[in-house]
Amino acid sequence: MTNELIALNFKYADYCPELVFQAEIESIDNGQPATLLNTLVNPEMPVYDYYWFNQLLITDDDIQSAPTFIDLYDDIEHIISGKTIFYHMPCHILALKAMCDRYNRPFPKAEYVNTEKIVRRVWTEFSKSGYGLGNLRKELGIPSSYSSARATLELLRLASEKTALSTDELIEWSKREKPREHSGASLSKGTGNPYGPLYGETVVFTGILDRPRAELRDMVMKLGCNFADTLTREATILVVGTQNNPTVLTVGKSGKTLKAEKYNREGKADIQIMSGDDFFKMIELLK
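Residues numbered from 1 in each chain as written. Predicted model: local features only at pLDDT ≥ 70, side-chain atom pairs only at ≥ 80, totals over all residues. Heavy atoms only, no water.

J.: Help me understand the overall build of the protein in this model?
T.: Of the regular secondary structure elements, the protein holds 11 helices and nine strands. Rg of the C-alpha trace for the protein: 18 Å, near the compact-globule value of 19 Å for 287 residues, within the 12% margin. Along the longest, intermediate and shortest principal axes, the C-alpha atoms of the protein span 50 × 45 × 35 Å. For the protein, with 287 residues in total, the buried portion stands at 52%. Considering only intrachain contacts with a sequence separation of at least 6, the fraction spanning at least 24 residues in the protein is 69%. Of the roughly 13,400 Å² that the protein leaves accessible, carbon and sulfur atoms contribute 48%. The positive charge centre, built from 33 side chains, and the negative charge centre, built from 39, are 7 Å apart in the protein. (Helix = DSSP H or I, 4+ residues; strand = E, 2+ residues; numbered from the N terminus. Rg over C-alpha atoms; globule rule 2.2 N^0.38 Å. Buried < 20%, exposed > 50% of the residue type's maximum accessible area, 1.4 Å probe, protein only. Contact = heavy atoms within 4.5 Å. Areas by Shrake-Rupley, 256 points an atom, 1.4 Å probe, with all protein chains shown as cover. Lys, Arg positive; Asp, Glu negative; His and termini not counted. Charge placed at Lys NZ, Arg CZ, Asp CG, Glu CD.)

J.: What should I look at first to understand the side chain of Thr152 in this one?
T.: Tracing the sequence through the fold places Thr152 in helix H7 (residues 148–163). Every residue in contact with Thr152, bar those within four places of it in the chain, is listed here: Ala7, Phe86, Tyr87, His88, Thr115 and Leu133.

J.: Would you take a moment to explain the nonpolar core for this structure?
T.: In a soluble, globular protein the nonpolar side chains are often hidden away together inside. Leu8, Phe10, Phe69, Ile76 and Leu96 are the most contacted members of the largest nonpolar core, which totals 50 residues. Take this core: its biggest share by element is seven residues, from H7. Those residues in contact with Phe10 that lie beyond four places of it in its chain are Val20, Gln22, Ala23, Ile76, His92, Ala95 and Leu96. In terms of nonpolar packing, the next biggest core, distinct from the first, is built from 19 residues, Leu198, Leu209, Val220 and Met274 among them. (Core = buried A, V, L, I, M, F, W, Y, C linked by side-chain atoms within 4.5 Å.)

J.: Before we go on, may I ask you to explain the environment of Leu285 in this structure?
T.: With respect to the helices and strands, Leu285 occurs in helix H11 (residues 276–286). The exposure class of Leu285 is partly exposed, given its relative accessible area of 37%. Sequence-wise, Leu285 and Lys83 are 202 residues apart; in three dimensions their C-alpha atoms are separated by 18 Å. Apart from residues lying up to four places away in sequence, Leu285 is in contact with Ile93, Leu94 and Lys97.

J.: I'm lost on H7 in this one. Help?
T.: In an α-helix there are 3.6 residues to a turn, and that puts residues three or four apart on one side. Compared with an ideal rise of 1.5 Å per residue, which puts 16 residues at 22 Å, H7 spans 23 Å between its outermost C-alpha atoms and is within 8% of the ideal. All buried positions along H7 are accounted for by Ser148, Ala149, Arg150, Ala151, Thr152, Leu153, Glu154, Leu155, Leu156, Leu158 and Ala159. In the segment just after H7, Ala164 is the residue with positive phi, at about 65°. (Expected span 1.5 Å × (residues − 1).)

J.: Explain the packing of helix H9 (residues 213–222) against H11 to me, please; I cannot follow it from the model alone.
T.: The axes of two packed helices give the description: the angle between them and the distance between them. Taken N-terminus to C-terminus, the directions of H9 and H11 make an angle of 30°; their axes are 13 Å apart at the nearest point. When the interaxial angle is binned, H9 and H11 end up roughly parallel. You can see that H9 and H11 cross each other, and the crossing is left-handed. The residues of H11 that touch H9, namely those facing Leu216, Met219 and Val220, are Phe279, Phe280 and Ile283. (Axes fitted to C-alpha atoms, helices over the stretch in contact; angles between N-to-C directions. Parallel < 35°, antiparallel > 145°, perpendicular 65-115°, else oblique. Left-handed = near helix turned anticlockwise from the far one by under 90°.)

J.: For this particular structure, what's the right way to read the sheet that holds strand E9 (residues 272–275)?
T.: Strand pairing in a sheet takes place through backbone hydrogen bonds and is either antiparallel or parallel in direction. The four strands lie next to each other as E7-E6-E8-E9, forming an open sheet whose pairing is parallel. Because the sheet does not close on itself, it has two edges, and the strands there are strand E7 (226–228) and E9. Direction aside, neighbouring strands of the sheet carry axes that sit 25° apart on average. (Pairing = 2+ DSSP bridges.)

J.: Would you take a moment to explain the sheet that holds strand E2 (residues 20–29) for this structure?
T.: Taking strand neighbours across the sheet as the criterion, the five strands line up as E3-E2-E1-E4-E5 in an open arrangement whose pairing is mixed. The sheet is open, and its two edges are formed by strand E3 (32–40) and strand E5 (111–114), each paired on a single side. Each neighbouring strand pair of the sheet contributes to a mean axis angle of 25°, computed without reference to strand direction. In this structure, strand E1 (residues 4–12) lies alongside E2, joined through nine bridges in antiparallel fashion. Across the sheet, Tyr12 pairs through a bridge with Val20, a residue of E2. Packed onto the sheet, helix H3 (residues 69–80) meets E1, E2, E3, strand E4 (84–87) and E5 and runs at close to 155° relative to E3.

J.: Is there a simple way to explain the packing of helix H6 (residues 133–140) against H7 in this structure?
T.: Following both chains from N to C, one finds H6 and H7 inclined at 55°, their axes separated by 11 Å at the closest point. Taken together, H6 and H7 sit at an angle that is classed as oblique. By crossing handedness, the relation of H6 to H7 is classed as left-handed. Each of Leu133, Leu136, Arg137 and Leu140 in H6 lies in contact with H7, whose residues at this interface are Ser148, Ala151, Thr152, Leu155 and Leu158. For the contact of H6 with H7, the class distribution of residues is six nonpolar, two polar and one charged. (Nonpolar A, V, L, I, M, F, W, Y, C, P; charged D, E, K, R; others polar.)

J.: What's the story with the pairing of E1 in this structure? I'm lost.
T.: As a general feature of sheets, a regular strand has side chains that alternate between the two faces. Most of E1 sits inside the fold, with eight of its nine residues counted as buried. Pairing analysis gives two bridges linking E1 to E4, with the strands arranged parallel. Across the sheet, residue Ile6 finds its bridge partner in E4, namely Ile85.

Right, dumping it as structure tokens:
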């Protein structure tokens, strides 16, 4: 591994990874930060939920005049291929994979490292909750002026500083299968397998999915997730059934979805909201 560290971040609309509207790739080389890519992206598909656009003060004109993913693919592939690439939370790799599949382009071959796992090992107070990038910015003093990709690299620096471990050592540490004690939070209706790849996550389902709740409960618990019937601030993933998915606009957002958005907006939680299809795709990527 060279001295250069690279992190990526993708933002997408409607909880649909195919609707990427912002791409960031940043690096730190021998202590010197550099922006390799930071641009809005035209998803070339209708966007129905303007939550993120409103939060980031983005207009339709901004999006329509932005390059498409296919315009950016060669640059992204050149930057990523053969490198060690850091990201915070699986949704960013899910978005890259979804866009590559949509445009029939190869998924760039690289070593992808989720800094969420590093954070949860290094800071025990965030092992079960609070490890979202928004909360970590506040708790660890990461400047708000840093892009999300730059903030991801700052997490690495802080983790190395706290543990006196090199980046390579942090990566290896994050990969170790290590059982952890579970707090037995009352919100959970099922406690996850401590050896699972998603141990510490708390998953809530809403809307109509193509599998019975009992089957979903058993599946996520084997993966390490806690299963909850109700949505509270301890939840970390909300899986939205097709009928509640804003992209189809059949019945609108469920109460759980609106509640999760409110918690995220107020900084009370950091809940990933994704469709059932995307949740199952994420699971495949983690295998």
